[in-house]
Amino acid sequence: MDTKFIGKKSAAAGGWGALKSCGKQLLQSGMPISGARTMLKANQPDGFDCPGCAWGDPEHGSSFEFCENGVKAVAWEATEKRATPAFFAEKTVSQLRQLTDYELELNGRLTHPMRYDAVSDRYLPVAWEDAFAEIGSILRGFDSPNRAEFYTSGRASNEAAFLYQLFVRIYGTNNFPDCSNMCHEASGIAMRQAVGVGKGTVLLEDFEEADAIFVIGQNPGTNHPRMLGDLRRAAIRGARVVVFNPIRERGLERFSDPQDKIEMLKGGSTDIASLYLQPQLGGDMAAVRGMAKAVLAAEDAAVAAGLPSVLDHAFLAEHCEGFAEYRAAVEATSWADIENQSGLSRQEIERAADVYINAQRVICAWAMGVTQHLHSVATIREIANFMFLRGNIGLPGGLCPVRGHSNVQGDRTVGINEKPSDDFLDALEKHFRFTVPREHGHNVLAAIGAMLDGSAEAFIGLGGNFARATPDSALVEKALRRLKLTVHIATKPNHSHLMPGETAFILPCLGRTEMDLNTAGNSQLVSVEDSMSMVHGSAGINRPASPHLLSEVAIIAGIAQATVGSAVVDWAELADDHDRIRDHIEATIPGFENYNARLRKPRGFHLRNTAAHREWDTPAGKASFSSEALPEETVHQRARKGEGRFALQTFRSHDQYNTTVYGLDDRYRGVYGERQVIFIHPADLKAMNAEAGDRVDVVGEHDDGIERIAENFRFVPYDIPRGSIAGYYPELNVLVPLGSAGRESDTPTSKSIMVSFRRRQAA
């Protein structure tokens, strides 16, 4: 059996492997020297904000504020390779569709606006003015503005996102399917219910003071590598790091900081996790409920023994509502149910609870391992419940949902929301003097449904790779190709562009690293918001990849002018002066007072978080406990009932970010040159009479009558709970059903997929 693709895992995250990978990416970009110089301006006060993850920058800063994935993101954007009109002339769209995501994006940066020609099945160059005019004409021709869907990727700046939502609402709809719908939607909903604000309550500096950090359903080594530096420093000074993750992830075990010269020279590393627990898929709520049960038992024991209280009774009395009901719910939950659902033993959970009990300053961080389940909102409410017990909101520490793309949080702050608040709509209406649409619009899943049933006829994508990021890949491709209009604002070709509607455009935009010069020749500044609600300025430093590129702001303004005219807004003026856009944001969104002045201060400014100050914008005016019961069944419990069924989660390899694939290696997990793999427990392989490298088709087991098959995947034995398996997206997104979404959040359940295997004959 061919297992050459399975190799040695890195001894630690980071280290020389990270430096080697950075060099490889810069060389592959074709611009190693200028690329290295560019990185020195990443996340610096006079440079650009990294186009990678949304991890925060410290107020005090350092000489280098980038990581391996940041280098990959910049090298990917700053490549010398170009996807010119000649590239599109060489192959038909049908031929391009046969390329992998990696092969397609290797062709480099888009250079010209392109229009699809159905007769030749090719994209042909088009003038900007003609593209804007035709897009506007089609949008104006619909009998309702709700016929169009306006998608936003988390890479768009605050200025682009605000202008986008303003244009779309003047057009007359709240149809804003957004990448947030597919990742942290549950975090925003649950936290608004629990503490009154849908953002994390921590600052990056809290990691310098925390004496316990719980990392739940998150893999920072691949997804947020700069977080590893903060976890490493916390571990070195004695903070306990408790990990809940079904997969053994190298970055949560050991980290060698490439910026620590002594550690690098000695080939050493730092242990990160003090306690590493591997729950079953979907078992996090039960695990956290178990910790709460242990904390309450410790409180009872302390009271009986006349010892100091374990709970923060003052906080519970003054700041919380629903504690008595929650305590009753916890006491009614048996240890047997907790162990069965979590996949952890009572002793393991009690060890984690002891860390919490003996800490004063606690952070709970989580990501999509928590948010992409049916019961994700309930799980995050349970995390908040747990943190309420000892008053850990409003102190150094708190709740920390770690966002993905660099401005996914900022886009939501400035109005990309299919369910906008009345206060926000009232502010827009008052300031701009137009009648805003009040009917809630479509999120991602609703937009796909509308495209499939014909009620939506147009899709405009502000960045991203919608077709590859969304679930049920075959259905989404069908949905896009039946539309009258598809428009993609992008930096590189991707597979979404190869699913054209009747009329289709690719509109190339500037990247984050490139200068955006206005008509006076001055460089334009944009802004982004990180996971800690810090708003940073970002100014590109590189020459544009092509003289034909426009900024995202300019493209939005061009479409808006052609669609709704300038009666409400002078779009050209705003495109030429981003300060004016920020003036409008300041006038309509609380927290942005003196926006332009504060943005130009080193490291930017913080958007005040009311919950962090123990001000609760909830119906009760207090932090709210949830007393919801554990789910009746999780995906792994259902899988155990069927012969040969497994619970699948999708995740990233170390050589990708979201749907962008930088390379074909995953050195932290020991996989090289291959992406179609399934990570599985060795005992499960043995039980199936299978071996490493065996080829299988992965078959979806959703009960809607639709056949879903991911073909030709190979087994990789791995340290993962029995009955749970894992593999990479977007390749496995074909198995994620549109009809399976988180309760309340409507987020695809990409971490809760029931599957079976069908053996393939050896080639």
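Description of the structure in this document.

What counts and how
- Residues numbered from 1 in each chain as written.
- Predicted model: local features only at pLDDT ≥ 70, side-chain atom pairs only at ≥ 80, totals over all residues.
- Heavy atoms only, no water.
- Helix = DSSP H or I, 4+ residues; strand = E, 2+ residues; numbered from the N terminus.
- Rg over C-alpha atoms; globule rule 2.2 N^0.38 Å.
- Contact = heavy atoms within 4.5 Å.
- Areas by Shrake-Rupley, 256 points an atom, 1.4 Å probe, with all protein chains shown as cover.
- Lys, Arg positive; Asp, Glu negative; His and termini not counted.
- Charge placed at Lys NZ, Arg CZ, Asp CG, Glu CD.
- Pairing = 2+ DSSP bridges.
- Axes fitted to C-alpha atoms, helices over the stretch in contact; angles between N-to-C directions.
- Parallel < 35°, antiparallel > 145°, perpendicular 65-115°, else oblique.
- Nonpolar A, V, L, I, M, F, W, Y, C, P; charged D, E, K, R; others polar.
- Salt bridge = Lys/Arg side-chain N within 4 Å of Asp/Glu carboxyl O.
- Buried < 20%, exposed > 50% of the residue type's maximum accessible area, 1.4 Å probe, protein only.
- Phe/Tyr/Trp six-rings, centres within 6.5 Å; stacked < 30°, edge-to-face > 60°.
- Lys NZ or Arg CZ within 6 Å of the ring centre and 35° of its normal.
- Patch = residues over 30% accessible without salt bridge, like charges linked within 9 Å, V, L, I, M, F, W, Y side chains within 5 Å.

Topic: the overall build of the chain
Thinking step 1. Secondary structure summary: the chain contains 31 helices and 31 strands in total.
Thinking step 2. Its C-alpha atoms give the chain a radius of gyration of 25 Å, within 12% of the compact-globule value 27 Å for 763 residues.
Thinking step 3. Considering only contacts within the chain whose residues lie at least 6 apart along the sequence, 79% involve residues at least 24 apart.
Thinking step 4. By element, 50% of the accessible surface of the chain is carried by carbon and sulfur atoms, the whole surface being about 27,200 Å².
Thinking step 5. Between the averaged position of the 80 positive side-chain charges in the chain and that of its 97 negative side-chain charges there is a distance of 4 Å.

Details of the sheet that holds strand β14 (residues 398–401)
Thinking step 1. Taken in spatial order, the 5 strands of this open sheet run β11-β8-β7-β13-β14, and their pairing is parallel. Because the sheet does not close on itself, it has two edges, and the strands there are β11 (275–277) and β14. Adjacent strand axes in the sheet meet at a mean angle of 15° when their direction is disregarded.
Thinking step 2. Direction of pairing for strand β13 (residues 362–366) relative to β14: parallel, over a ladder of 4 bridges. Counted as the bridge partner of Ile363 is Gly398 from β14.
Thinking step 3. Sheet strands in contact with helix α9 (residues 185–195) are β13 and β14, and its direction is about 165° off that of β14.

Describing the sheet that holds strand β4 (residues 114–117)
Thinking step 1. Taken in spatial order, the 6 strands of this open sheet run β5-β4-β17-β16-β15-β6, and their pairing is mixed. Looking along the sheet, the strands with just one partner apiece sit at the ends: β5 (122–125) and β6 (148–152). For this sheet, the mean angle separating the axes of adjacent strands, direction not counted, is 20°.

Regarding the packing of helix α14 (residues 284–304) against helix α16 (residues 323–332)
Thinking step 1. Packing of α14 against α16 leaves a shortest axis separation of 10 Å and a crossing angle of 105°. Classified by the interaxial angle, the pair formed by α14 and α16 is roughly perpendicular. Taken together, the residues of α16 that come into contact with α14 (itself represented by Arg289, Ala292, Lys293, Leu296 and Asp300) are Phe323, Tyr326, Arg327, Ala329, Val330 and Glu331.
Thinking step 2. Looking at side-chain class alone, the contact of α14 with α16 contains 6 nonpolar, no polar and 5 charged residues.

As for unusual backbone geometry
Thinking step 1. A cis amide bond, omega 10°, links Tyr729 with the succeeding residue Pro730.
Thinking step 2. Relative to the assigned elements, Pro730 resides in the loop between β30 (724–728) and β31 (753–759).
Thinking step 3. The residue Arg433 is not glycine, and still its phi comes out positive at about 60°.
Thinking step 4. Checked against the element boundaries, Arg433 lands in the loop between α22 (422–432) and α23 (444–453).
Thinking step 5. One non-glycine residue with positive phi stands out, namely Asn689, at about 60°.
Thinking step 6. Mapped onto the elements of the fold, Asn689 is located in the loop between α31 (682–687) and β28 (695–700).

Focus on the pattern of salt bridges
Thinking step 1. Using the criterion set out here, one finds 42 salt bridges in the structure.
Thinking step 2. A salt bridge links Lys4 to Asp2; the shortest N-O distance between them is 3.2 Å.
Thinking step 3. Between Asp579 and Arg600 there is a salt bridge whose closest N-O contact spans 3.0 Å. Residue Asp579 is found in helix α28 (residues 578–588), and its partner Arg600 is found in the loop between α29 (595–599) and β20 (605–606); the two are separated by 21 residues along the sequence.
Thinking step 4. Residue class for Asp579 comes out partly exposed when judged on its relative accessible area of 24%.
Thinking step 5. If you follow the salt bridges from partner to partner, you end up with Asp2, Lys4, Glu674 and Arg714 in one network.

Examining the packing of aromatic side chains
Thinking step 1. Taken as a whole and judged by the stated rule, the model has 31 aromatic pairs.
Thinking step 2. Their ring planes at 35° and their centres at 4.1 Å tell us that Tyr356 and Phe386 sit as a pair that is tilted. In this pair, Tyr356 is assigned in helix α18 (residues 346–357) and Phe386 in helix α20 (residues 376–388), connecting sequence segments 30 residues apart. Neither Tyr356 nor Phe386 differs from the other in exposure class; each is buried.
Thinking step 3. A connected cluster of aromatic rings, assembled from ring pairs, spans Phe150, Tyr164, Phe167, Tyr171, Phe176 and Trp571.
Thinking step 4. Taking NZ or CZ as reference, Arg598 lies 4.0 Å from the ring centre of Phe605, over its face.

As for helix α3 (residues 68–77)
Thinking step 1. Counted residue by residue, α3 has 10 buried out of 10 residues, so it is predominantly covered.
Thinking step 2. Taken residue by residue, α3 has Glu68, Asn69, Gly70, Val71, Lys72, Ala73, Val74, Ala75, Trp76 and Glu77 as its buried positions.

Considerations on the pairing of strand β16 (residues 485–490)
Thinking step 1. Where burial is concerned, most of β16 is hidden: 6 out of the 6 residues are buried.
Thinking step 2. Pairing of strand β15 (residues 458–462) with β16, which is carried by 5 bridges, proceeds in the parallel orientation. In the strand pairing of β16, Ala458 is matched with Leu485.

What about a negative patch on the surface?
Thinking step 1. A cluster of acidic residues, Asp577, Asp583, Glu586 and Glu593, forms a negative patch on the protein surface.
Thinking step 2. Within the fold, Asp577 resides in the loop between α27 (571–576) and α28.
Thinking step 3. Overall, the relative accessible area of 31% leaves Asp577 in the partly exposed class.

It is worth stressing that arrangement in space is one thing and function is another; only the former is reported here.
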